[in-house]
Amino acid sequence: MEARVAQAAARLARQENEIKCLTAEIERLKNFGCLGVSPSLEGLRDENAKLKYRLNFLRKSLQEERSKPVKSMININSCLQEIFGAAIQAAYPDLENPPLVVTPSQQPKFGDYQCNSAMGITQILLKTTEQKVSPREIAEKISKNIPANECIEKVEIAGPGFINVHLRKDFVSKQLSNLLVNGVQPPAVGKRKKVVVDFSSPNIAKEMHVGHLRSTIIGDSMCRLFEFAGYDVLRLNHLGDWGTQFGMLIAHLQDKFPDYLTVSPPIGDLQAFYKESKRRFDTEEEFKKRAYQCVVMLQSKNPDFIKAWNLICDVSRKEFQKIYNCLDIALTERGESYYQEMMKDVVQEFEDKGFVQVDDGRKIVFVPGCSVPLTIMKSDGGYTYDTSDLAALRHRLYEEKADIIIYVVDSGQSVHLQTVFAAGQMIGWYDPKVTRVAHAAFGVVLGEDKKKFKTRSGDTVRLIDLLEEGLKRAMDKLKDKERDKVLTEEELRAAQTSVAFGCIKYADLSHNRLNDYVFSFDKMLDDRGNTAAYLLYAFTRIRAIARLANIDEEMLQKAAREEVLILDHEKEWKLGKCILRFPEILQKILEDLLLHTLCDYLYELATTFTEFYDNCYCVEKDRQSGRIVKVNMWRLLLCEATAAVMAKGFDILGIKPVQRM
């Protein structure tokens, strides 16, 4: 796929500014003789001709850019940053890396956006040139150098030096029309990159529990976002499917489950066997020796042991897949076993480059700036998690050729992962300025008692039990609202699934992932406030407005191509601008990987829509008969644009809305 073109509006602003500068340069060269310098006439003409050629080329390119249809949604904030960046450059050409601060305004009286760079520039000028210039004076100079553009109506200087920006209504209206005609498109993000996301990663022979919920939900949503933005995404499930525990388990099965070579016990029994094998491993010396012998047999690919291992893995996979099917999550399995053959080469490479030290028979690697060394080979010659994680990192960099690698793993692994990443840099596998390797850490799930989420008996909550409880509570909620009396059986089941799994996902994603969060079915199923229940109900109501006015999809599409969206009412204007902030929200999350920002935005969009709907009639009816007397089509188009953005937001969060609820 071809690389995406940079945002059209930003390029226009940049090119127009360059044309302005080059025109001034030509004028300067024409008058060069007045400066007392006497370059040869031939050289002067040559320089002048080059500048004129460049100027004509830019003008032609600018014209082509203006006539080119734009499919990607314009990030207005980025567009304004380009414009103000050019203005600051023109006003202060000698200033290196001047601060560029453009944010949406919090109140209408301060315009639509604000540029707050003047205060920072004041400080830089004072430090570098000892000039004392007031921020207001700087703001005025920046404002005078704003290049010609299609989005700014006017700017005003307020307070000590804030530049309040008012957008052009025809510009906002045009962007909304583009959205309705082209659908919700991703922001332009440059060339297509390869992204590897490592998430979910349960352990074979153990049931998935509530601790796996966050990695699975957050990782899936990140993948959906990168996929929407046009990246090539590999969703990796780094299963715990290798190591000493399998020797323990097979040794125990030999004693307790003699059919282990032909059939594996159910996952629940496997988990119980695993616990028993661990207890025996810790307390029985003879069993411990036999477990180690089983590990050696497994690692040497003994057919019987491989068969037993495969049976154990298969029964686990089937159980995991039930969870993934419920949550609509797709993954490519690539467990620790996948990297076994690569570990020898990893150890060899670290030895060849002189990074290995031997400590009590172990081969360890000290990484500068990291407190704990990596153990890449045990004293008995076995490999460790450190080795497999290094092998996985190397494979993702060299074989997958990833530009971005994201590990969605709990915060408790931060030190380990940062050490692995630092080791990868130290040995020269990647340059962090070129390749992004990030740990998207997250906190733990707490119960309502603010302690780790457990069952009443103190056991870890099984994820399948949690999802089934969610389904039950969602149906109870729908029946409390008597939705079972107006929905068909099929619609009711679809609403139940949408609410249950949507609420569980949203409750997680709406919290800052870096923090712990309290799991509460009562709060997540509440249809008031920032919850999936509220947003899903709001979405179905918005979708119903056109339907109840007998306006079908075809009529809306025709209107989108022909109607001008009028934004005269303050609530229409507020909603239009809120809809168009979607690309800048996504751009921010692509950078910081904090998905709660999208949840906050969707809630803001839903509440802004409610303000609009309460103040602006979309469909006018006769008060006596209830007959429709007038349909304000431009307002129905605003409803449609709101719903389209909400639907795409839900899709990124992995939530499935329904048409009727």
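For the structure, see preceding data.
Notes on the structure follow. What you are looking at is a predicted structure, and each value in this text was computed from that prediction instead of being measured.

1. Side note on the packing of aromatic side chains
For step 1, the next point in the chain: Scanning the model with the defined rule gives 15 aromatic pairs in all.
For step 2, the next point in the chain: Here the aromatic rings of phenylalanine 350 and tryptophan 429 are separated by 5.7 Å at their centres, their planes lie at 80°, and the arrangement is edge-to-face. Of this pair, phenylalanine 350 sits in helix α12 (residues 343-352) while tryptophan 429 is found in the loop between α14 (414-426) and β12 (436-439), placing the two residues 79 residues apart along the sequence. The exposure classification of phenylalanine 350 matches that of tryptophan 429, with both residues buried.
For step 3, the next point in the chain: Ring geometry for tyrosine 534 and tyrosine 603: centres 5.7 Å apart, planes at 70°, overall edge-to-face. A residue pair is termed long-range when its members are at least 10 positions apart, and tyrosine 534 in helix α18 (residues 532-548) and tyrosine 603 in helix α22 (residues 596-615) qualify at 69 residues.
For step 4, the next point in the chain: Put simply, the rings of Phe350, Phe355 and Trp429 pair up and form one aromatic cluster.
For step 5, the next point in the chain: Note that lysine 169 overlies the ring of tryptophan 573, its terminal NZ or CZ placed 5.6 Å from the centroid.
For step 6, the next point in the chain: When the ring centre of tyrosine 537 is taken as origin, the NZ or CZ atom of lysine 481, which lies over that ring, is 5.5 Å away.

2. Quick notes on the environment of arginine 528
For step 1, the next point in the chain: Tracing the chain through its elements places arginine 528 in the loop between α17 (521-524) and α18.
For step 2, the next point in the chain: Since its relative accessible area comes to 62%, arginine 528 is described here as exposed.
For step 3, the next point in the chain: Within the structure, the side chain of arginine 528 is placed 3.0 Å from the side chain of aspartate 526, a separation counted as a polar contact.

3. Regarding unusual backbone geometry
For step 1, the next point in the chain: A positive phi angle, near 75°, is found at serine 200, a position not held by glycine.
For step 2, the next point in the chain: Its place among the elements puts serine 200 in the loop between β5 (194-198) and α7 (211-228).
For step 3, the next point in the chain: Among the residues examined, serine 200 registers a relative accessible area of 4% and is labelled buried.
For step 4, the next point in the chain: For aspartate 360, which is not glycine, the phi dihedral falls at a positive 55°.
For step 5, the next point in the chain: Take aspartate 360: it is sitting in the loop between β8 (356-359) and β9 (362-365).

The rules behind each value
- Residues numbered from 1 in each chain as written.
- Predicted model: local features only at pLDDT ≥ 70, side-chain atom pairs only at ≥ 80, totals over all residues.
- Heavy atoms only, no water.
- Phe/Tyr/Trp six-rings, centres within 6.5 Å; stacked < 30°, edge-to-face > 60°.
- Helix = DSSP H or I, 4+ residues; strand = E, 2+ residues; numbered from the N terminus.
- Buried < 20%, exposed > 50% of the residue type's maximum accessible area, 1.4 Å probe, protein only.
- Lys NZ or Arg CZ within 6 Å of the ring centre and 35° of its normal.
- Polar contact = N/O pair within 3.5 Å; in protein donor to acceptor, adjacent residues only side chain to side chain.

These results come straight from atomic positions and should not be treated as a statement about function.
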